[in-house]
Amino acid sequence: MNPILLLVPIFIPIIGGFLLIPLKFKENRIRNLYSEAVVCLTSILVWVAMFTISREPVEVYSFTQGFSIDFRLDGAARLFAGMVSVMWPLVMLYAFDYMKKTTRKNMFFAFYIMTYGITLGVAFSSNMTTMYTFFEMLTLVTIPLVSYYESRESRYAGRKYAAFCIGGASLGFFAVVMTTLYGQAGNFIYGGCLNDGFDPEMMQLAFLFGFFGFGVKAAVFPLHDWLPTASVAPTPVTALLHAVAVVNSGVFAIVRLTYYTFGTDFLKDTPARDLALYVSVFSLVFAAWMALGEGHFKRRLAYSTVSNLSYMLYGLMLMTPAGLCAALLHMLFHGIIKMSLFLCAGAFMHVTGKSFVSDTVGVGKKMPVTFAFYTLGGLSLTGIPLFCGFVSKWKLLQAGIAEGGPGGLAGVFALLLSALLCAIYTLGISMRAFFPPKGEDLYEKDPGRKDANMLMLIPIIVFGIINIAVGIYPAPIVAFVEKIAAGLL
């Protein structure tokens, strides 16, 4: 198939979402059908592309001195795009019911759908210039979603999100320029694309600028604070964009920066790599500790996301094939788990109108499906066997032990400590929900309370089933990711 068709799944949701702004739908049902149709068509085209389009790059436009807009579908792109393409249609169903009583639905779904296409643009990018372009478009198109409710808190969250991400872009731009000038136009080549003739210390500095610049979306310490603040956004936003698309775009950008641009042969055993590694290790424990003390349900999950993103960065900064494999697996599996947890939290907030962990006491008896699947997600996130979270965390531990050294072993200790904290801050909610202390059940005299309707439950159940299925039989996915990490795809 002609590689130019790789552009179709990128631009269909961008155009389809943009058309929602001027369109006037008389019924929610028609808007919902249109939105789901655009998203499902895009997902189908993504999978068609993954099985039919070769790895040959497609040049769309060339600027000057190597700066160009190019796309290519390699193994890493297939993993990221495939993950997003499965999740987006499901969460759209959830959003239809969650947003049913809100105003400005056209605006919400317009930007929500456009974000899908732009995320695919990040995934399919073939060089640093293209990735950077879509990476910043992702910031701009998600600002209206973060500040959607237009309350004081929402507007503050939107401004903070914009300031962090645009500030990070200014850092990342230095890495884009340096790798384009000294690295075969910044093209993504497994093992790195750097030429001779550069100053090694200056290039290490460029890597750090890129690590922290792109790492803003990956919520690396100390640039993490926008993510918990952004939890004031509607749950479909916090679930899909701030647990998967936006934050994983940050991780994916660092994958490209480290393994496909600078290269581990250049970076390993340098002060730049050591700094990035130790920051990642600190960040994963710090955020887990913050989650433990956070009383707001979604903010607690947001801090958990910060911690788990740093699991991925730790694996990447080991700069070994095993570390890359473990990080990519955790990117995928954490997305599945955290999607389920955020959707469960949103269902609780939608049904009860309450937002804090202290409000969950006894609610498990009234919302058994929601909190049963929340508990399964919590067990997986903790790293219990037979769930997908165990697979990626075990791989991370193996990679850290195999790498050895102070940084690798510090990460192993941090992973174990973080897992303990994770068990407390996630499963503690399940204990409150299903086993309230005598006389403290907040919902005992509330017979009308029940689970959300099926539009919200279907995605929760599907992600829960995937969580278990992949945990029991992870071999095909692990084999695929191992090939990516070895540079074979």
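Data block above holds the structure.
Now for a description of the structure that goes with this document. (Residues numbered from 1 in each chain as written. Predicted model: local features only at pLDDT ≥ 70, side-chain atom pairs only at ≥ 80, totals over all residues. Heavy atoms only, no water.)

## Describing the overall build of the protein chain
Here is the rule: Here a strand is any run of E in DSSP of at least two residues, a helix any run of H or I of at least four, and the numbering for each starts at the N terminus. The globule rule used here is 2.2 Å times the number of residues to the 0.38 power, and the radius of gyration it is set against is calculated over C-alpha atoms. Each residue is placed in one exposure class: buried if its accessible area under a 1.4 Å probe, protein chains only, is under 20% of its type's maximum, exposed if it is over 50%, and partly exposed if it falls in between. Contacts between residues were defined by any pair of non-hydrogen atoms, one from each residue, lying within 4.5 Å. Shrake-Rupley sampling with a 1.4 Å probe provides the accessible areas, and residues are treated as covered by the protein chains on show and by no other component. When charges are tallied, Lys and Arg are placed among the positive residues and Asp and Glu among the negative ones, while His and the ends of the chain are skipped. All charge positions are set by atom: Lys at NZ, Arg at CZ, Asp at CG, Glu at CD.
Counting secondary structure elements, the protein chain contains 18 helices and two strands. At 21 Å, the protein chain has a C-alpha radius of gyration in line with the 23 Å of a compact globule built from 489 residues. The principal-axis extents of the C-alpha atoms in the protein chain amount to approximately 75 × 55 × 45 Å. Within the span of the protein chain, comprising 489 residues, buried residues form 62% of the whole. Summarising the internal contacts of the protein chain: among those between residues at least 6 apart in sequence, 81% fall at separations of at least 24. Carbon together with sulfur atoms contributes 68% to the accessible area of the protein chain, which is approximately 17,600 Å² in total. With 34 positive and 26 negative side-chain charges, the protein chain shows a spacing of 11 Å between the two charge centroids.

## A few points about the nonpolar core
Rule in force here: Residues belong to one nonpolar core when they are buried, are Ala, Val, Leu, Ile, Met, Phe, Trp, Tyr or Cys, and are joined through side-chain atoms within 4.5 Å.
Ranked by size, the top nonpolar core spans 174 residues in total, and within it Trp88, Tyr112, Phe124, Phe207, Phe214 and Leu316 carry the most contacts. The element best represented in this core is helix α13 (residues 321–352), accounting for 21 residues. If we skip the residues at most four places from it in the chain, Phe124 touches Leu6, Pro9, Ile10, Asp70, Phe71, Arg72, Leu73, Ala77 and Ala81.

## Notes on the packing of aromatic side chains
For clarity, the cut-off: A pair of Phe, Tyr and Trp rings is counted when the ring centres sit within 6.5 Å of each other, with Trp represented by its six-membered ring. The angle between the planes then sorts it: under 30 degrees is stacked, over 60 is edge-to-face, the rest tilted.
Within this structure, the stated rule accounts for 28 aromatic pairs. The interplanar angle of 70 degrees and the centroid separation of 5.7 Å between the aromatic rings of Phe71 and Phe134 together place this pair among those described as edge-to-face. On the criterion of sequence distance, the pair formed by Phe71 in strand β2 (residues 68–71) and Phe134 in helix α5 (residues 128–146) is long-range, its members being 63 residues apart. Exposure class is identical for Phe71 and Phe134. Each is buried.

## Section: the environment of Ser392
If you trace the backbone, Ser392 turns up in helix α15 (residues 388–403). C-alpha of Ser392 to C-alpha of His334: the two residues are 58 residues apart in sequence and 8.6 Å apart in space. Discounting residues that sit within four places of it in the chain, Ser392 has contacts with Ala326, Leu329, His330 and Phe333.

## A short note on α13
The cut-off we apply is this: A helix's residues, less one, multiplied by 1.5 Å, set its expected span.
End to end, α13 covers 46 Å across 32 residues, agreeing with the expected 46 Å (1.5 Å per residue, within 8%). Within α13, 29 of the 32 residues are buried, which leaves the element mostly enclosed by the surrounding structure. Just past α13, the residue Gly353 takes up positive phi, approximately 75 degrees.

## Notes on the environment of Phe173
Along the chain, Phe173 turns up in helix α6 (residues 152–182). When its relative accessible area of 42% is taken as the criterion, Phe173 is described as partly exposed. Residues Phe173 and Ala206 lie 33 residues apart in sequence; the distance between their C-alpha atoms is 9.1 Å.

## Concerning the packing of helix α1 (residues 8–20) against helix α2 (residues 28–52)
Convention followed: With axes taken as lines fitted to C-alpha atoms, and helix axes fitted only over the stretch in contact, angles between N-to-C directions fall between 0 and 180 degrees. Small angles under 35 degrees read as roughly parallel and large ones over 145 as roughly antiparallel, with 65 to 115 read as roughly perpendicular and the rest as oblique. Under this grouping Gly is polar, as are all residues other than the nonpolar Ala, Val, Leu, Ile, Met, Phe, Trp, Tyr, Cys and Pro and the charged Asp, Glu, Lys and Arg.
As a packed pair, α1 and α2 sit with axes 8 Å apart at the nearest point and diverge in direction by 170 degrees. As far as their axial angle goes, α2 and α1 are roughly antiparallel. Together, Val8, Pro9, Ile12, Pro13, Gly16, Leu19 and Leu20 of α1 and Arg31, Tyr34, Ser35, Val38, Leu41, Thr42, Leu45 and Val46 of α2 make up the contact between the two elements. Split into classes, the residues belonging to the contact of α1 with α2 amount to eleven nonpolar, three polar and one charged.

## Here's the deal with the state of the cysteines
Basically, it comes down to this: Cysteine sulfur atoms are paired as a disulfide whenever they come within 2.5 Å of each other.
Counted under the stated rule, the structure contains zero disulfides. Unpaired in terms of disulfides, Cys388 finds its nearest cysteine sulfur in Cys422, a separation of 12 Å.

## Topic: the pattern of salt bridges
Close approach of charged atoms allows side chains with opposite charge to pair. Formally: Salt bridges, as used here, are contacts in which a Lys or Arg side-chain nitrogen is within 4 Å of a carboxyl oxygen on Asp or Glu.
All told, the structure shown has ten salt bridges when counted by the stated rule. Ionic pairing is found between Lys100 and Asp97, a salt bridge with its closest N-O pair at 3.3 Å. The exposure class of Lys100 is partly exposed, given its relative accessible area of 42%. The salt bridge partner of Lys268 is Glu403, with a shortest N-O separation of 3.2 Å. Of this pair, Lys268 sits in the loop between α10 (264–267) and α11 (271–293) while Glu403 sits in helix α15; the two residues are 135 residues apart in sequence, bridging distant segments of the chain. Residue Lys268 is classed as partly exposed on the basis of its relative accessible area of 25%.

## Looking at the pairing of β2
What counts, and what does not: When DSSP locates at least two bridges between a pair of strands, those strands are taken to pair.
Alternating residues of β2 divide into Ser68 and Asp70 and Ile69 and Phe71, and every residue in both groups is buried. Direction of pairing for strand β1 (residues 58–62) relative to β2: antiparallel, over a ladder of four bridges. Bridge assignment links Glu59 to a residue of β2, and that residue is Asp70.

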